[in-house]
Structure formats: structure tokens, C-alpha cells
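Chain by chain, the residues:
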Amino acid sequence: MSKPVKMMILEDCPYCRQAFAMEKELIAAHPEYGQVNIEVIEENREPEKTEGYDYWYVPTYFVGDKKIHEGVPTLEKVEQVFREALRGE
């Protein structure tokens, strides 16, 4: 079982779209990453779900309460999210 992951996004954000594409690419290459459940939170539609999370830029990933990545994504940073989520608690 993986740790909970929250991904804060904005609907029109090009970097968020890049992050989604990177997630798909990584899951195709590493099927075990498909076990990770990522709750996607659009901050304009669900601002109450972002309360208590410290970030300025999207996309931002939190694994549990730990911020793993914020801002312009790279394949390595998105993979770090998957690895952290699958790491034993």
C-alpha cells in the first residue's frame, strides 16, 4: 500500500499537463507506480483542500504531509514522488 499523495494543480497550467504526461510515461515504464493513488486538487475549485499546505507554485506534490516537489516538473522529480509514496512507512 502506498502513502497518500496530493497533487495541487491549476486547470490551465501547462506545467501541470507536463506532470500528468510524465506520470503516464513513468507508469508505463514502471507498472508498480500504478499502485500509487494521487489525489488531484484543482486549487481554484477546491481551495479548502489546500489549507494547511505550504506552497506557491503548481504542480506541487505532497506525500503524506511532506512536500516532495513544487513548480516546473522533471521526470526525475515526478519519479521521486512515486518512490516516496511506495517507500515503507
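Rules behind the numbers
Note on numbering: residues in each chain are counted from 1, in written sequence order. With pLDDT at 70 or above as the cut-off, local features in this predicted model cover only qualifying residues; side-chain atom pairs require 80 or more to be listed or tallied, and sums for whole chains, interfaces and linings still use all residues. Only heavy atoms go into the side-chain values, all of them from the structure, while hydrogens and water stay out. Labels follow the DSSP assignment, with helices taken as runs of H or I lasting at least four residues and strands as runs of E lasting at least two, numbered in each case from the N terminus. Restricting the calculation to C-alpha atoms gives the radius of gyration, and the globule rule supplies 2.2 Å times the number of residues raised to the power 0.38. Categorising residues by exposure relies on relative accessible area from a 1.4 Å probe, with only protein chains included: less than 20% of the type maximum marks a residue as buried, more than 50% marks it as exposed, and the intermediate range marks it as partly exposed. The contact criterion used is simple: two residues touch if any of their non-hydrogen atoms lie within 4.5 Å. In short, Shrake-Rupley with a 1.4 Å probe defines the accessible areas, and a residue's cover is counted only from the protein chains shown. Positive residues here are Lys and Arg, negative ones are Asp and Glu, while His and the chain termini are left out of the count. To locate a charge, the coordinates of NZ of Lys, CZ of Arg, CG of Asp or CD of Glu are taken. What makes two strands pair is DSSP finding at least two bridges between them. The axes used here are C-alpha line fits, helices contributing only the stretch in contact, and every angle between their N-to-C directions lies in the interval 0 to 180 degrees. One fewer than the residue count of a helix, multiplied by 1.5 Å, yields its expected span. For any helix crossing, the convention is left-handed if the near helix is rotated counterclockwise from the far helix by under a right angle, and right-handed if that rotation is clockwise. Just so you know the grouping, Ala, Val, Leu, Ile, Met, Phe, Trp, Tyr, Cys and Pro go in nonpolar, Asp, Glu, Lys and Arg go in charged, and all remaining residues, Gly too, go in polar.

Student: Can you tell me about the overall build of the protein chain, naming the residues and giving the values?
Tutor: Within the protein chain one finds two helices and four strands. Reading the protein chain from its N terminus to its C terminus gives the helix and strand order β-α-β-β-β-α. In terms of overall dimensions, the protein chain is globule-like: its C-alpha atoms have a radius of gyration of 12 Å, near the 12 Å expected for 89 residues. If one aligns the C-alpha atoms of the protein chain with their principal axes, the spans along those axes are about 30 × 30 × 15 Å. Counting every position in the protein chain, which comprises 89 residues, the buried fraction comes to 40%. Here the contacts in the protein chain between residues at least 6 apart in sequence split such that 63% fall between residues at least 24 apart. Entry remark: accessible area of the protein chain is about 5,600 Å², with carbon and sulfur atoms responsible for 51%. Distance from the positive charge centre (11 side chains) to the negative charge centre (18 side chains) of the protein chain: 4 Å.

Student: Hey, could you go over the sheet that holds strand β4 (residues 66-70) for me, with residue numbers and the actual values?
Tutor: Strands sit in the order β2-β1-β3-β4 across an open sheet of four strands; the sheet is mixed. Across the chains shown, the open sheet's two edge strands, defined by having one partner strand only, are β2 (38-42) and β4. Neighbour-to-neighbour, the strand axes of this sheet turn through a mean angle of 20°, independent of strand direction. Looking at chain direction, strand β3 (residues 60-63) and β4 are connected through four bridges and run antiparallel. When the bridges of β4 are listed, Tyr 61 appears paired with His 69. Most of the contacts of helix α1 (residues 14-29) go to strand β1 (residues 5-9), to which it runs at about 145°, and overall it touches β1, β2 and β3.

Student: I'd like to hear about helix α2 (residues 75-86), residue by residue, with values.
Tutor: An α-helix turns once per 3.6 residues; consequently, residues spaced three or four apart project the same way. Here α2 contains twelve residues, and its C-alpha end-to-end distance of 17 Å stays within 8% of the 16 Å for a straight helix at 1.5 Å per residue. Among all positions of α2, only Val 78, Glu 79, Val 81, Phe 82, Glu 84 and Ala 85 are buried.

Student: Go over the packing of α1 against α2, please, and point to the residues and values.
Tutor: Angle between the axes and distance between the axes are the two parameters that describe a pair of packed helices. For the pair α1 and α2, the least separation of the axes is 10 Å and the interaxial angle reads 65°. Viewed along their axes, α1 and α2 form a crossing whose handedness is right-handed. Residues Met 22, Glu 23, Glu 25, Leu 26 and Ile 27 of α1 lie in contact with α2, whose contacting residues are Leu 75, Val 78, Glu 79 and Phe 82. Among the residues forming the contact of α1 with α2, the class breakdown is six nonpolar, no polar and three charged.

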